[in-house]
Each structure stands twice: as C-alpha cells, then as structure tokens.
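Chain and residue survey
Okay, here's what each chain looks like letter by letter:
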Amino acid sequence: MYNPASSKAEEFINHEEILETLAYAEAHKTDRELIEQILEKAKQRKGLTHREASVLLVCELEDKNQEIYELASQIKKDFYGNRIVMFAPLYLSNYCVNGCVYCPYHAQNKNICRKKLTQEEIKKEVIALQDMGHKRLALEAGEDPVNNPIEYILESIKTIYGIHHKNGAIRRVNVNIAATTVENYRKLKDAGIGTYILFQETYHKESYEVLHPTGPKHNYAYHTEAMDRAMEGGIDDVGLGVLFGLELYRYEFAGLLMHAEHLEAKFGVGPHTISVPRIKRADDIDPSVFDNGINDDIFAKIIACIRISVPYTGMIISTRESKACRERVLKLGVSQISGASRTSVGGYAEEEPEEENSAQFDVSDNRTLDEVVRWLMELGYIPSFCTACYREGRTGDRFMSLCKSGQIQNCCHPNALMTLKEYLEDYATEKTKEIGDALIAKEMEFIPNPKVREIAENYLGCILDGKRDFRF
Ligand code: SAM
C-alpha cells in the first residue's frame, strides 16, 4: 500500500508505514551499530530516508546525539554558510469558513475582530514593511471563497509588487493560503509568486479530521495532495510544515519526511522549505489543551534531524519562537527567519487597538527588524534580503542544482552581502550600520571567485551611489 510515487495521500503518507517506522525506530534507539551506519550515510550529505531519520530522532545514546547536533551544524554551514534570509508575514484577511480547532480564525469564533484589507490598506501595510527594510513577504489569509477568493489574492499580489516607495520594493511574495485547484495554482504562478507554503498541520488522518471538523479543510486527501496540484500548476518551490503540538511529534516527523520523499519521487524535486511552527496562545485558543506540545530540547532535536535528512531544503522559523529559542535553532539548521512580524490583519501601518484583536497568535519575539538584524550579525550571521533565485529562474530542480554545484558561495554569498548593504544604507540605525559595514568588509574576502568578488565590490560602490537591486 505504501508508495512514495503515488498520487493518493493515503499511499504516499501511509499510516501503517509510519507505525512500522516508529516501532522500528523505538526498537533501535540504542542500536549503536545501526546509528553509526546512519550517521555515516548522513555525513555524505545526500539525506536520509524517513526510517533512518526516525531512528536518529529517538536515539538515546548521548555521544551519538552530540554527533547529530554537530553534523547538523556542519551541514548548515556547508550548504547555507552563515546567511539567514529575512521575511515578514502579511495577513490579508482573517475571514475563514473552516473550523480548525487550534486556530482563532475558525468560523465559530464570534469574538475575534474580522478584517480584510482593501488594496489601499495593503499599500499602507507594504509601505510600512518597506520602510522597515523588508523585501520578502509571506502572504497569509483564511479560507473564504466569498471574502478571500483567488481574484482577491491575485489582485493583492499585483498591488504589492507594484509599490515602490523610496528605495523600497517587495521582490518576492510567498503565499500561504488554503489548498486550492491546479487552475488557481497556475494563476498564482503567473502572478509571480515565490514559494507556495501550506502546512499539513498533522499527517495523522484520524486526528486531522477531528482537528478540522468543518469546512473544506476537513478533506484530508485534498489538503495532503495540494502540493502535487501546486506542482502541476507550475509552482516548483513549495513549502511544507506541520503544526507541532497537535499530534505525536515522532509521527509528524516521519510524515513530513515521507511527504518530502513523495515530491522527490513524483516530481524529482523536494520541498523548497520546511517550517516548524508550534501552537501558540491566541484569541480563544489555549495551547495547553493540546496534549502533544514539545519542549525546546525535542524541538531542537527535530530541527537537527530535519537538517541532516533533507540538506537541500531551507528551514523557516517564525516569531512564534523566542529570541533564545531562535538563537539555539539557527545553529542547527534554520536558514530563514521572520522579523518584526505582526500576525494581525493590518498591524504594520498602525498599531491595532486592543479591543480590535484580529491576530492569529501571540508572538514571542517582539523586536524590531533593526534589532533582529543587529542581533544576527552579533552572532556572526549575515542577514540576507536576497530574492535573486526565483527572479533568475532558479527554482525547483534548478535551485537544487545550484546547491549541488557548490557555486552558492559565489552566488548567494555576494547576493546576501549586497542586499544587506542596501538595508544598511536605507534603513539601519547607526550602530547596526557600523556593525554591518565591518561584517561586509570581512565577508567579501570569502567570495572564492576573484572575478565575482571584483564585480560585487563594484556593485557595493554602486549601492553607495544610490543604485539598487544587483544580483548574481
Ligand atoms: N488558511 C490557510 C491554510 O489553511 O493553510 C493559511 C494558513 S494560516 C494563516 C497559517 C498557519 O498558522 C496555519 O497553517 C497553522 O499551522 C498556523 N496556526 C494556526 N493557529 C495557530 C496557533 N494558535 N498557533 C500557532 N500557529 C497557528
């Protein structure tokens, strides 16, 4: 019944296969020989199967766990260097017809303030985001065919790409909207989106149906097969994720990797990103009623194991997590973070009055973008506002081949430095600029190809002269 290349949700995410995987992992959690073999394979940086990864996830040998963390950090460095890509979510509308029991946007919630941004309001939000320095957004909306039809999303994307305020521009719009049709995915692709992101929430079908009791999202197969339809519609950068806390984390972890294996088997390209959200307090949602919450140690282990299992897949962490937690997992594999996020509809241009709460969840990191950028640099990372890949057509397998060719250091690295320079010139505080300029000077040395280094130097000069948007 289990078939990674199948088009049927229950065959590529197969319940029996997951149960057998969990039993196998449990039986081998102290099997030194097997764990060493798996680690040897992981060191070749070609990834692991869901079975192998599940053994590492539950491994109880302390010295081997240390090796897992060290390998995750090493793979992170080898594939992503010290660059961290920055983004912000933009909530367009919290109208929703679904009944997701963990989400305050659920249709039965009469308490939350329902809002939908007009195109004028979107402009104000985007200008506020541009004025912070953001270049990359993740659009968020509830599912509501009447209030948030695909035409509304498409019009909003067009509006966003069309706003050029001072030196600002949103150069990549990722989209996180409910599962939809191939035809709609094609429209999103034609509108120039970057990644299509959809969290599975849980891979456990029975739980899924209980957690999504009403609305179109109740349909497990339709939701689980969404990435296949997105790929059929021409979107080859897709972002997976589960909402940790809903089901047993070991089950979700195996499911997530099976989903990645499925995309690889069927389309020859794995997911572009994986997100690892954990349930947060929200309007009428109390996270403690969900029994499967995971602590920071397990969270870190999951991230390290994902990192070594799918080395070419970016990992995203949002402001659901605190500064301390983000600092810990950045080392272990996270390559993209949000900064200065608002989870309310319309929270950037103007602070939302308390009585008008429209937020999806409470954030744990309330710092400004400047503070996050400075903090990253003080930790030795390069905050990157780069959006070059998809604008250069490097999506799907073409992005993967860039990773595999080892040319990232001649491409992503200078792009990160140039976009950071733009940020420093246009938006940073004096202190951040000082730290950033020193960092750029040091990091330019690490561009291996002298020709690329020379061109990048030249571009940095042009940025000082007021020109923008250079890329390799
Ligand atoms: N409505 C779309 C969908 O169905 O996928 C958009 C998703 S929603 C705006 C973004 C994600 O937030 C959800 O997929 C869910 O995983 C997450 N989320 C919902 N409630 C949450 C909560 N209380 N805490 C943390 N994350 C939550």
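Structural data are supplied above this passage.
Residues numbered from 1 in each chain as written. Predicted model: local features only at pLDDT ≥ 70, side-chain atom pairs only at ≥ 80, totals over all residues. Heavy atoms only, no water.

Remarks on the pattern of salt bridges
Pairing between side chains of opposite charge can happen when their charged atoms approach one another. What the rule picks out here adds up to 41 salt bridges. The shortest N-O distance in the salt bridge between glutamate 26 and lysine 29 comes to 2.5 Å. Where aspartate 296 meets arginine 278, a salt bridge forms, and the shortest distance between an N and an O atom there is 2.7 Å. Of the two residues, aspartate 296 sits in helix H13 (residues 296-309) while arginine 278 sits in the loop between strand E6 (273-275) and H13, which places them 18 residues apart along the sequence. Judged by its relative accessible area of 37%, aspartate 296 falls in the partly exposed class. Classification of arginine 278 as buried rests on a relative accessible area of 10%. The network of salt bridges with shared partners includes Arg171, Arg391, Glu392, Glu422, Asp469 and Arg471. (Salt bridge = Lys/Arg side-chain N within 4 Å of Asp/Glu carboxyl O. Helix = DSSP H or I, 4+ residues; strand = E, 2+ residues; numbered from the N terminus. Buried < 20%, exposed > 50% of the residue type's maximum accessible area, 1.4 Å probe, protein only.)

Some remarks on the site of the ligand
The environment of the ligand is made up of 19 residues, and the closest members are Tyr102, Glu201, Lys217, Lys280 and Arg320. Glutamate 201 places a side-chain nitrogen or oxygen 2.5 Å from an oxygen atom of the ligand. Within the side chain of lysine 217, a nitrogen or oxygen atom sits 3.0 Å from an oxygen atom of the ligand. Bound to the protein, the ligand loses 97% of the 580 Å² it would expose on its own. Here the shell around the ligand is built from residues that sort into 10 nonpolar, three polar and six charged. (Near = heavy atom within 4 Å. Polar contact = N/O pair within 3.5 Å; in protein donor to acceptor, adjacent residues only side chain to side chain. Areas by Shrake-Rupley, 256 points an atom, 1.4 Å probe, with all protein chains shown as cover. Nonpolar A, V, L, I, M, F, W, Y, C, P; charged D, E, K, R; others polar.)

Quick look at helix H5 (residues 62-80)
The end-to-end C-alpha separation of H5 is 27 Å, in line with the 27 Å expected for 19 residues at 1.5 Å each. Every buried residue of H5 is accounted for by Lys64, Asn65, Ile68, Tyr69, Leu71, Ala72, Ser73, Ile75, Lys76, Phe79 and Tyr80. Looking at the buried positions of H5, the neighbouring elements they touch are helix H3 (32-43), helix H4 (50-58), strand E1 (83-93), H13, strand E7 (314-317) and helix H14 (323-332). Of the residues trailing H5, glycine 81 is marked for its positive phi of about 55°. (Expected span 1.5 Å × (residues − 1). Contact = heavy atoms within 4.5 Å.)

Re unusual backbone geometry
Most peptide bonds adopt trans geometry, and most residues besides glycine take a negative phi value. Notably, alanine 340 is not glycine yet its phi reads approximately 60°, a positive angle. By secondary structure assignment, the location of alanine 340 is in the loop between strand E8 (336-338) and helix H15 (369-378). Owing to a relative accessible area of 10%, alanine 340 belongs among the buried residues under this scheme. Of note, the phi angle at aspartate 469 is positive, near 70°, even though the residue is not glycine. You can see aspartate 469 is positioned in the segment after helix H20 (450-464). Judged by its relative accessible area of 29%, aspartate 469 falls in the partly exposed class.

A word on the nonpolar core
In terms of nonpolar packing, the biggest core is built from 154 residues, with Leu90, Leu188 and Ile337 touching the most fellow members. For this core, the element with the most residues is helix H12 (residues 249-267), which contributes nine residues. The residues contacting leucine 90, other than those within four sequence positions of it, are Leu117, Glu125, Val126, Leu129, Leu137, Ala138, Leu139, Glu140, Ile160 and Tyr348. (Core = buried A, V, L, I, M, F, W, Y, C linked by side-chain atoms within 4.5 Å.)

Overview of the packing of H5 against H14
Between two packed helices, both the angle of their axes relative to each other and the distance between the axes serve to describe the pair. Closest axis-to-axis distance for the H5/H14 pair is 6 Å, and the angle between their directions is 75°. With respect to H14, the axis of H5 lies roughly perpendicular. For the pair formed by H5 and H14, the contact residues are Tyr69, Ala72, Ser73 and Lys76 on the first element and Leu330, Lys331 and Leu332 on the second. A per-class count over the contact of H5 with H14 returns four nonpolar, one polar and two charged. (Axes fitted to C-alpha atoms, helices over the stretch in contact; angles between N-to-C directions. Parallel < 35°, antiparallel > 145°, perpendicular 65-115°, else oblique.)

A look at the packing of aromatic side chains
Summed over all chains, the structure comprises nine aromatic pairs. Summarising the aromatic geometry, the rings of tyrosine 459 and phenylalanine 470 are spaced 4.6 Å apart at their centres and angled 20° between planes, so their arrangement reads as stacked. Within this pair, whereas tyrosine 459 is found in helix H20, its partner phenylalanine 470 is found in the segment after H20, the two being separated by 11 residues in sequence. Taking the relative accessible area as the measure of exposure, tyrosine 459 reaches 21% and is therefore partly exposed. (Phe/Tyr/Trp six-rings, centres within 6.5 Å; stacked < 30°, edge-to-face > 60°.)

Thoughts on empty space enclosed by the protein
Tallied over the entire structure, the rule returns four cavities of 30 Å³ or more. Put simply, the largest cavity is a space of about 800 Å³. Taken together, 48 residues line the largest cavity, and the ones lying closest to its centre are Glu140, Asn176, Phe199, Arg320 and Gln360. Taken together, the elements giving at least two residues each to the lining of the largest cavity come down to E1, strand E2 (136-141), strand E3 (172-176), helix H10 (220-224), E7 and E8. A breakdown of the residues in the lining of the largest cavity according to their chemical character gives 27 nonpolar, 14 polar and seven charged. (1 Å grid on protein atoms, 1.4 Å probe; cavity = no way out; pocket = protein on both sides within 12 Å on 5 of 7 lines; lining within 4 Å. Points joined across faces, edges and corners; volume = space filled by probe spheres on them.)

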